[in-house]
Amino acid sequence: MPVARRTLLGAGLAVATSALAGCGDDGAPRSGPGDGVTATDAAGNRVGFGSAGDSTAPPGSPSATAAPGGGVPAGQAPYARDVTTLLRKHLPATPQTVTHKGFPGAVAVVLVDGRTTVHTAVGEALRYGAGPKLLAASQRVAMRPDSIFDLASVTKVYTAILLLQQVDKGRVDLGAPVRDYLPAFTGAGKERVTVEMLLTHTSGLPVGAKVTGLSDNAARWNAVLSTGLVSGAVPGDTFRYSSVGLMVAGRIVEKVTGQRLDQALKSNLTGPLGLRDTGFNPRTWLSGTAQAGRLVATDARSSRGLLRGTVHDDVANHLGGIAGHAGIFATATDLAVIGQLLLNGGTHQGRRILAAATVRRMLTNHNAGKPAVDPERPNRTAAHGLGVVLNQSWFMGRLASARTFGHTGFAGPSFLVDPDRKLVLALLTNRAHPNWSWANPDPVRAAVGDLLAREVS
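Residues numbered from 1 in each chain as written. Predicted model: local features only at pLDDT ≥ 70, side-chain atom pairs only at ≥ 80, totals over all residues. Heavy atoms only, no water.

Participant: Is there a simple way to explain the overall build of the chain in this structure?
Facilitator: For the chain, the count of helices and strands is 13 helices and 17 strands. When the accessible area of the chain is evaluated, it comes to approximately 15900 Å², of which 51% is carbon and sulfur surface. (Helix = DSSP H or I, 4+ residues; strand = E, 2+ residues; numbered from the N terminus. Areas by Shrake-Rupley, 256 points an atom, 1.4 Å probe, with all protein chains shown as cover.)

Spelled out as C-alpha cells, the structure:
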C-alpha cells in the first residue's frame, strides 16, 4: 500500500493525535543464521497439509529444519531455492545497512495439491529498536519458519469466514440490512447497506473511523457504527475498500454468537482446525520464550514505540487489539491452512468448517461490472468475493486469474490461492519494520507469483 493511503489511515507516529484504520539491494544471494529452506519439523517429521500430511511443529519450536549445504530439502520442490533467493534479494544489503527497500525478513509457504513444496525463512524478525535505530547483532532476532506475524488486513478473511459460518447456521442473511443486526448502525443512507456489501466493499463506508479521544471501548465502537458513508456514495454501486465494513462485520459475528470476536475465532475456526499459532493479542497466549523468539516486529517509530506482538493498525489497537479488519497474528503455516480450507471447499482434515455452496459463493465475483475507486491503485478492478480479493495481478503476478483469490495486509503479509494449479501461497514479510514508507510490498508479492506461475503447471 503506497504512502498516501497510510497517511489517510492515520499512521500516527510520535505526534499522532488521531487514528484512522485502513487496512538485498545488490541482487546477490545471501545466507545467514536467519535463513533456511525448510521441510521437516523439529522432530524430523515432514510438514504437510490435507491428504499429503497434516503434521505441524509443536508451539515454540521451528516448524522445519534446513537442508545441509543450502540444498533443497527432501520433499520440497527444486524451485524452493529460487523462492528463497528471490526473497533474499529484498533484504538489507549488509548486516550494517540501516535502510531496506524490501523487508528485514520473510517466511513463505507454498502448498501444491496439499503438499508443502516450499517452506523458507529469510532475514530477521527483529532488526530495529524504537526510534528507529539499528540494533546490535546480539540484540536482533532471526526469522524462523514458525515466526508469528501481524496479519493486518488479512484478518478480514477470517472475519468473513466467521460471518459466513453464521450464514450457514441460518443466523445471518447476507441480503438483510446491517441495521437488522446492529441497530446502532445509524446515519444517512445506511439503512440500504446490506451484510453482503460489508464483505464486498460496496457499502459506501469510508476506509477508516475516528476512535481517538473517546472514554471507553463502548464509545469507540459506537463511533465505528455511526461512521457516515462517503459523500455521494450509493450503497451497492461502487467498490471502495473499507476497513469500517469489516469492523462492522465482526460486530455482527459477536452479536449473533454472543462471543467476543477473539473467542468466536478460537471456538469456531482456529480450535477446530488445530491452529495453535493464530489469534488476537498474542502476548496473552504465547510463553515468554516464544514471545522473545517468534514474534515479528513491525513499526519502530510510532508513539507506541517498537511494536512487536501488538497490533500495528491504529484503530484496532484503540479497540483493544480485537476487531474484524485487523489484529490477528499467525504463522505462515497456519495461514496456509486457511487457503487450503477454502481450496478444499470448506473442509480440512475431514472436518467441515463451511458449507461447499457457501465457499463457492464466497469465491464468486460479486462486483462484476461495478467501478472501483482506489486512487493509489488506479488499475485495480472491483473483482471481489465475500471477504477475498479476486484476480488482481498487482500482488498475484501471473498467478492472477478469474478464479485466483487471496488478500494482502499493510504490515507486509499476503496469501493467495490458485485453484487451477491447486496452489496456496502464504507470503509473510515485515516490510513495515521499522518504517512502512521505505518499501512497497506489491512488487515482491507479484514477483513470487510470477516465479510460481512459471514453475507450477
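Participant: Looking at this structure, I do not really get the packing of aromatic side chains. What am I missing?
Facilitator: Aromatic rings in a pair are described by how distant their centres are and how their planes are angled relative to each other. Enumeration over the complete set of coordinates arrives at 3 aromatic pairs. For the ring pair tryptophan 394 and phenylalanine 395, a centre distance of 4.9 Å and an interplane angle of 55 degrees mean the geometry is tilted. One exposure class covers both tryptophan 394 and phenylalanine 395, and it is buried. Its guanidinium or amino end placed over the ring of phenylalanine 185, lysine 190 lies 4.1 Å from that ring's centre, counting from NZ or CZ. Residue placement shows arginine 251 over the ring face of tryptophan 221; its charged tip is 4.4 Å from the ring centre. (Phe/Tyr/Trp six-rings, centres within 6.5 Å; stacked < 30°, edge-to-face > 60°. Buried < 20%, exposed > 50% of the residue type's maximum accessible area, 1.4 Å probe, protein only. Lys NZ or Arg CZ within 6 Å of the ring centre and 35° of its normal.)

Participant: How should the pairing of strand β17 (residues 423-429) be read in this particular structure?
Facilitator: Along a regular strand, successive side chains alternate from one face of the sheet to the other. For β17, the buried fraction is high: 7 of the 7 residues fall into the buried class. Here β17 shows a buried face lined by Leu423, Leu425, Leu427 and Thr429 and a second buried face lined by Val424, Ala426 and Leu428. Pairing of strand β2 (residues 105-112) with β17 involves 7 bridges; the strand directions are antiparallel. In the strand pairing of β17, valine 107 is matched with leucine 428. Examined bridge by bridge, strand β16 (residues 413-418) and β17 share 6 bridges and lie antiparallel to one another. Bridge assignment links leucine 416 to a residue of β17, and that residue is leucine 425. In textbook terms, the turn of a hairpin is the stretch between consecutive antiparallel strands, and for β16 and β17 this stretch comprises 4 residues, one of which, lysine 422, has a positive phi near 55 degrees. (Pairing = 2+ DSSP bridges.)

Participant: Whenever I open this one, the environment of histidine 433 confuses me. Can you help?
Facilitator: Note that histidine 433 resides in the loop between β17 and α13 (442-455). For the pair histidine 433 and glycine 129, spaced 304 residues apart in sequence, the C-alpha to C-alpha distance is 9.5 Å. Within polar-contact distance, the side chain of histidine 433 engages the backbone oxygen of threonine 298 at 2.7 Å. (Polar contact = N/O pair within 3.5 Å; in protein donor to acceptor, adjacent residues only side chain to side chain.)

Participant: It is not clear to me how the side chain of aspartate 374 should be interpreted in this structure. Could you clarify?
Facilitator: Considering the arrangement of structural elements, one finds aspartate 374 in the loop between β13 (372-373) and β14 (389-390). Judged by relative accessible area, aspartate 374 falls into the buried class, the value being 7%. Side chain to side chain, aspartate 374 and arginine 380 meet in a polar contact 3.2 Å long.

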